Amino acid sequence: MRITPHHVVDESRQPPDRTGVDDLLYGARVAVWVRHFVLLAWFAQMNYRANFADPNYVPNSLFAAATLALNGYVHYRILTGRTVTWRWMLALSVMDVTMLTAGIAVSSSFQNSFFVLYYPALAMFAVVFTSSRLSFLAVTLVAAAYATVSVLMEPVVDLEAKEEKILFTRIVVMYGIVVAVNLISRFERIRRREAVERERELQRERVELSQTIHDTIAQSTYMIGIGIETAVELADDREGENRDEILAKLYATHALSKSTMWELRHPIDAGPLFEGRELSRVLRSHASTFATITSIPAEMVQSGREPPLPALTRRLLFSIAHNAMTNALRHAEASRVTVSLDFGDDGLRMSISDDGVGLSEGYTERGHGFRNMQADAERMGGHLEVSLGGPGRGTTVTCVVPYGPHGGGM
């Protein structure tokens, strides 16, 4: 099993169920952060009024430094998107227990407080490795190792009844922590898998809806448009005092039918996004459809290679592109539209340009189109830019989205 930091990957390129992979990724993130905190606290405790002449100081410092180095490397791999396997996390857990047990053995004291570090180490193991049997086996091995070291440090015959009870209590707490963390993790996994299944069902319904619209309403609207075009041709050949009025109404109705057909393409062409198709492929097809319906030439230009993008990011970018193209159709009187996708190293940039009449001042107050696009961009952690070329010099709508945990990309 391998984990990557990508929140969502195209379903067409992955196994149907990624919940186990994502659970492991989440557990790994939690474990490395908790381990950083514990190790820093350990360093602080060792160096607070430290006795540098203590023979245990150097070995304990080396133990902590080695664990911190390995944990930092695993954390680096997670943050940079490199492959991390369960073996890395197992190695960290084994190192935790080994270093703690060795530190307790070196101290040769039953009263050594290092034993408390077993608790977060076991809790992190239970978060990453969600199997109850594996967690039970791990805590049993740790308890056996700790009990053995304690007995060897101070033989049973020398242990007082009070100390035996303390040892028993410490081991019981180990089991209690593992059981509690395992139960909580299992509950959270169940809730998450139910949410994932609901989202998948919703996506299936959206795909079915897009296909239904394509097969019914869109086809009917297309036939209505053809009928209106025929009526325009017939009216144009006739003479009469109402000819101009009839033609005006037919032209207006024909323009409305085109606008309606284009609006219906939003749910239709968005369907492949829910199936995991790349944004660039969908936008290329969308631009071709725009040209077919409106008779306005349109093209999609791509720069760079599209990385795996979250499904939400692809949907919101598609929605922004569609709304910008709708404005070009309805208001810009454009003769050409260009959709540009630039995939950089740190983020992506999508621009929709037309050569129309441009936007007048106060355009944001008319309708909800630009406010909705701005809200979609902010939802992805990006921002929207609108370039007003002035009358007759067109308009460019640009959406910039950074990659990373605070942006919509990857």
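In this report, we go over the structure that sits alongside the text.

Reading the values: the criteria
Residues numbered from 1 in each chain as written. Predicted model: local features only at pLDDT ≥ 70, side-chain atom pairs only at ≥ 80, totals over all residues. Heavy atoms only, no water. Helix = DSSP H or I, 4+ residues; strand = E, 2+ residues; numbered from the N terminus. Buried < 20%, exposed > 50% of the residue type's maximum accessible area, 1.4 Å probe, protein only. Contact = heavy atoms within 4.5 Å. Areas by Shrake-Rupley, 256 points an atom, 1.4 Å probe, with all protein chains shown as cover. Pairing = 2+ DSSP bridges. Axes fitted to C-alpha atoms, helices over the stretch in contact; angles between N-to-C directions. Phe/Tyr/Trp six-rings, centres within 6.5 Å; stacked < 30°, edge-to-face > 60°. Salt bridge = Lys/Arg side-chain N within 4 Å of Asp/Glu carboxyl O. Parallel < 35°, antiparallel > 145°, perpendicular 65-115°, else oblique. Left-handed = near helix turned anticlockwise from the far one by under 90°. Nonpolar A, V, L, I, M, F, W, Y, C, P; charged D, E, K, R; others polar. Right-handed = clockwise from strand over helix to strand, strands pointing away.

On to the overall build of the chain. From N to C terminus, the chain includes eleven helices and seven strands. Per-residue burial over the chain gives 45% buried out of 410 residues. Considering only residue pairs separated by 6 or more positions, the chain has 69% of its internal contacts joining residues 24 or more positions apart. A total accessible area of about 22,000 Å² is found for the chain, and carbon and sulfur atoms account for 59% of it.

Turning our eyes to something else, we now look at the sheet that holds strand S6 (residues 383-388). Pairing is mixed across the open sheet formed by five strands, whose spatial order is S3-S4-S5-S7-S6. Two strands close off the open sheet at either side, each with one partner strand: strand S3 (298-303) and S6. Across the sheet, the mean angle separating the axes of adjacent strands is 15 degrees when strand polarity is ignored. Of the strand pairs in this sheet, strand S5 (residues 347-354) and strand S7 (residues 395-402) are connected by eight bridges, and their pairing is antiparallel. Residue pairing in the sheet places Gly347 in a bridge with Pro402 of S7.

So, about the packing of aromatic side chains. Evaluated as defined, the whole model comprises six aromatic pairs. On the basis of an interplanar angle of 25 degrees and a centroid distance of 6.4 Å, the ring pair of Phe115 and Tyr146 is categorised as stacked. Of this pair, Phe115 sits in the loop between helix H3 (86-107) and helix H4 (118-128) while Tyr146 sits in helix H5 (residues 132-153); the two residues are 31 residues apart in sequence, bridging distant segments of the chain. The buried category is assigned to Tyr146, whose relative accessible area is 2%.

Let's shift gears to H4. Side chains three or four residues apart in an α-helix point the same way, a direct result of the helix having 3.6 residues per turn. Of all eleven residues in H4, ten are buried; the element is thus mostly enclosed. Listed as buried for H4 are Tyr118, Tyr119, Ala121, Leu122, Ala123, Met124, Phe125, Ala126, Val127 and Val128.

For the rest of this paragraph, the subject is the pattern of salt bridges. Evaluation of the coordinates by the stated rule reveals two salt bridges. Two residues, Glu299 and Arg336, come together in a salt bridge whose shortest N-O distance is 3.8 Å. Here Glu299, found in strand S3, pairs with Arg336, found in the loop between helix H10 (311-330) and strand S4 (337-343); they are 37 residues apart in sequence, far enough to count as distant. Classification of Glu299 by relative accessible area gives partly exposed; the value is 34%. Salt-bridge contacts for Glu385 lead to Arg349; the nearest nitrogen and oxygen are separated by 3.2 Å.

With that settled, the discussion passes to the packing of H3 against H4. Closest axis-to-axis distance for the H3/H4 pair is 10 Å, and the angle between their directions is 165 degrees. Classified by the angle between their axes, H3 and H4 sit roughly antiparallel to one another. Judged by the sense of rotation from one axis to the other, the crossing of H3 with H4 is left-handed. Contacts from Met89, Leu90, Ser93, Asp96, Val97, Leu100, Thr101 and Ile104 of H3 reach H4 at Tyr118, Ala121, Met124, Phe125 and Val128. A breakdown of the residues in the contact of H3 with H4 according to their chemical character gives ten nonpolar, two polar and one charged.

Within S4, five of the seven residues are buried, which leaves the element mostly enclosed by the surrounding structure. The pairing of S3 with S4 spans six bridges and is classified as parallel. Across the sheet, residue Ala298 finds its bridge partner in S4, namely Val337. Running through H10, the crossover from S3 to the neighbouring parallel element S4 is left-handed. Sheet topology note: the S4/S5 ladder contains seven bridges and is antiparallel. Each residue of the ladder has a partner; that of Val339, found in S5, is Ile352. If you look at the hairpin formed by S4 and S5, you'll find three residues sitting between the two strands.

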